[in-house]
Each structure stands twice: as structure tokens, then as C-alpha cells.
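Each chain, letter by letter, is given below.
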Amino acid sequence: LTACRLSGDMLNLLLFVLISRQFGPAGVGAYSYGFAIATFVFVIGCLGIEDYGIRQYARMEPARQPTFLAELIGAQTIMVGIALAGLAVYLLATAPDAAKLAMILEVTCYQVTAAVTQSLFIPEMAYQRMAYPAIAQLVSRIVAITGTGIAIYRFHASLEIALVGVPVAAVLWMALAIRSARGRGPLRVTVTRASMRQIAGIIWSFSLIEIFTQLFARVGVIVLSLEVGDAAAGLFATGLRLIETALVPLAFFGLAAYPHLSQLFATDTVGFRRPALKLVWVMLLAGLLLAWGLYFVAPPLLVPLLGERFAGTAPIIRPMAALGLVQAVDIGLGRILLSANLNVSRALYIVAGAVT
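From a predicted model like this one, the values you see are computed outputs, not experimental measurements. (Residues numbered from 1 in each chain as written. Predicted model: local features only at pLDDT ≥ 70, side-chain atom pairs only at ≥ 80, totals over all residues. Heavy atoms only, no water.)

A. Focus on the packing of helix 10 (residues 230-267) against helix 11 (residues 269-306). As a packed pair, helix 10 and helix 11 sit with axes 8 Å apart at the nearest point and diverge in direction by 170°. Considered as vectors, helix 10 and helix 11 are oriented roughly antiparallel to each other. A class-by-class count of the residues in the contact of helix 10 with helix 11 yields 20 nonpolar, five polar and no charged. (Axes fitted to C-alpha atoms, helices over the stretch in contact; angles between N-to-C directions. Helix = DSSP H or I, 4+ residues; strand = E, 2+ residues; numbered from the N terminus. Parallel < 35°, antiparallel > 145°, perpendicular 65-115°, else oblique. Nonpolar A, V, L, I, M, F, W, Y, C, P; charged D, E, K, R; others polar.)

B. Focus on the layout of surface pockets. Quantified by volume, the second largest pocket comes out at close to 250 Å³. Lining the second largest pocket are 16 residues, and of these Leu 13, Leu 242, Thr 245, Leu 294 and Ala 298 lie nearest its centre. Among the elements of the structure, helix 1 (2-46), helix 10 and helix 11 are those that each provide at least two residues to the lining of the second largest pocket. If one sorts the elements of the lining of the second largest pocket by residue count, helix 11 sits on top with nine residues. The class makeup of the residues in the lining of the second largest pocket is 12 nonpolar, three polar and one charged. (1 Å grid on protein atoms, 1.4 Å probe; cavity = no way out; pocket = protein on both sides within 12 Å on 5 of 7 lines; lining within 4 Å. Points joined across faces, edges and corners; volume = space filled by probe spheres on them.)

C. Region of the structure containing the pattern of salt bridges. Tallied over the full model, the rule gives six salt bridges. Across the salt bridge formed by Glu 244 and Arg 218, the nearest N and O atoms sit 3.1 Å from each other. Here Arg 218 lies in helix 9 (residues 193-227) and Glu 244 lies in helix 10, a separation of 26 residues in the sequence. (Salt bridge = Lys/Arg side-chain N within 4 Å of Asp/Glu carboxyl O.)

D. Unusual backbone geometry, seen in detail. Positive phi outside glycine occurs at Gln 128, with the angle close to 60°. Following the sequence through the fold, Gln 128 ends up in the loop between helix 5 (122-126) and helix 6 (131-153). Residue class for Gln 128 comes out partly exposed when judged on its relative accessible area of 42%. Its identity is not glycine, yet His 156 carries a phi of approximately 55°, on the positive side. (Buried < 20%, exposed > 50% of the residue type's maximum accessible area, 1.4 Å probe, protein only.)

E. Spotlight on helix 4 (residues 98-120). With 23 residues, helix 4 extends 33 Å from end C-alpha to end C-alpha; this agrees with the ideal 33 Å at 1.5 Å per step. Extensive coverage of helix 4 is indicated by the burial of 17 of its 23 residues. For helix 4, the side-chain oxygen to backbone nitrogen distance between the N-cap and Ala 99 is 3.2 Å, and the N-cap itself is Asp 97. (Expected span 1.5 Å × (residues − 1). Polar contact = N/O pair within 3.5 Å; in protein donor to acceptor, adjacent residues only side chain to side chain.)

F. Summary view of the environment of Tyr 31. Mapped onto the fold, Tyr 31 is located in helix 1. Between the C-alpha atom of Tyr 31 and that of Val 107, which follows or precedes it by 76 residues, the distance is 9.1 Å.

G. Summary view of the packing of helix 13 (residues 321-339) against helix 14 (residues 343-355). Between helix 13 and helix 14, the shortest axis-to-axis distance is 8 Å and the interhelical angle comes to 145°. Regarding helix 13 and helix 14, the two cross each other, and that crossing is left-handed. Counting all contacts with helix 13, which are made through Asp 330, Gly 334, Leu 337 and Leu 338, the residues of helix 14 involved are Asn 343, Arg 346, Tyr 349 and Ile 350. In terms of residue class, the contact of helix 13 with helix 14 is built from four nonpolar, two polar and two charged. (Left-handed = near helix turned anticlockwise from the far one by under 90°. Contact = heavy atoms within 4.5 Å.)

Okay, structure coming up:
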């Protein structure tokens, strides 16, 4: 899981570099703005489905699992519809130009697919069979990023035209996820008032975590793009991209530990404490190393990597190293809180931080 998704994020970083060198901060800003909007669609479309689903599926009797998955996918279908309706209202209110609108829709297609595949892969992830989901995501990223890169450098396409391969990759990813889910039994979608009420009553705290985590990460890009310009948003997004890329392996270590911690808390509370504490220490030490790299190593590499138009941006990037440390520690603490059924407490902490 870590190897495949880290490879995929390295490909994402490569695409970010290609866009930076070809289109400069303004191109990065436009792309990051579209990605930020699409990410909110993703968040509303899954609203903690993966975190809640993996925890419950791992603890559930096998006979109950297919019904639970069908109800989960049914609830998500409603969520995706709400997210797309919200996107339509936002686009009508902000009236982006044709190029920016095309980028938003292309990336949104991929993010909706990412939301749905999270549910379809829950049976695999809950039992820590993570190879197939990881490879499926990596294949889709290779298709999307390779197609976009060829369009930019071989055919000198505009950014919105170059991203046409992204929806194609989304279709491939969805097909692989459906194949995986059907391998575990009949794939059904169940939408009932009782199941919706039950799931909504549980995942609202997971939903708050997802929404405000993304708000914390993306609101700067959106506000800068709307009020200052794409170039300013691009500089800020560059710092975020460095942090997110550096956090990728840590995020997947946390995800890999999550099913085991969830089972331990339900069966052996005393035994739960040792791996939980170990996870916190690992994340703290890794976060300190990450922050050091962001402060001292990353800034001198910006111009050689991204191009001359990023000269003089080090004073913006360096202070963001502290954000990397905080988010690294939060990855470990967050998984522990979710495993210990303290998702409401975690939601309140995330809301307080995002509002601040």
C-alpha cells in the first residue's frame, strides 16, 4: 500500500513539476484551485465512509458484511448527489471562465471516482489485503499523469485540454474497484430510511473531520485564487504540495495500522496502548525529520525543480515547515482516536483548528 501510493504521489508531484515549468505559478494556481474545489466534492461524497467502514467491517460477523456494504454504498450515492448539486451552485455563483470550468469538471470526475472506490475497496482494506486497491489506484494515476504529460510536452496542449485523460483514468479505476467488490459477493446498493438514519447518526463526526481537515488545507488556495490571483494561489499551493508529498508515507503507515488498532481496542484495551504509543513516537520523530527537510532542503531546490519563475519564494515555503510537523503528529493521534471510538473528540479538535 505504501509503496504503490507513494509511487502514485511521486507521479502527482511530477505532474505538478511539469505544470510549474510549463505554465508557471499562474498555471499551478489554476490547477490547484480546480483540485481544491474537486477535493471538497470528494469529501462530501465520502464523508468519513472509509474510516467508519473499515473499523466496522473489521469487527463485523461475515454474514452481516454484504448487507452493511450495500447500505454504505447506498448512503454514499446520496452523498455524491448532494456534493454534485453543491458544486453546480458554487460554479453558478463564481462563474469561472471556460478553461477553469473544464479543469474543475475533469478533476472532479476523478475525485468522485476516488470517493466511490473507497467504499468498494472496504472489504479488502478491512482485512489488510491492500495490494489490489493500491495497484488499482496506481494504474489509474499512471494513465492520468502519463496522458497529461504527453499532451503538455509532446503536443503543447493547453492545461484544460491536457487533463482530458484524467476522466479516462477515472473510468478505469472504477472498473477495477467494481471487479474487486464483486469478487467478495454480489454487489448491491441499498437505500432505506432506516439505514440512512443509522449511518448518518454515526458518521457525522467522521464527516466533520473530513470537511474541516480539507477546509484547513484548501481554503488558502481558494481564497487566494478568487481574491488575489492564480499566481499567489500557486505559490501557496507549492508549499502545500511539498508538505502533502512528504506526508504520504506517514499517512499510509497510519492507515495500515488502523484495522489492527481497531480490533485491539475492541478485544484487548490494555494491549492496545503499546502499539498506539509506538505509533505516536514514530510520527513525532518522522515529523521532526520532515520539518527539517522542508525548512533546509526544499527551498534551494525550488528553482532547479520548478523553474526560474519560482525564484524568491523560499520565505513563503520555510514557515510552512511547522505545519508539516503538526500534521505528521496528527496522523498518528488521529488514527488512535478513531480506533478508540473517540471520533467525536477528534472532530471537535479538527473543527477548532480549522476555524482558528
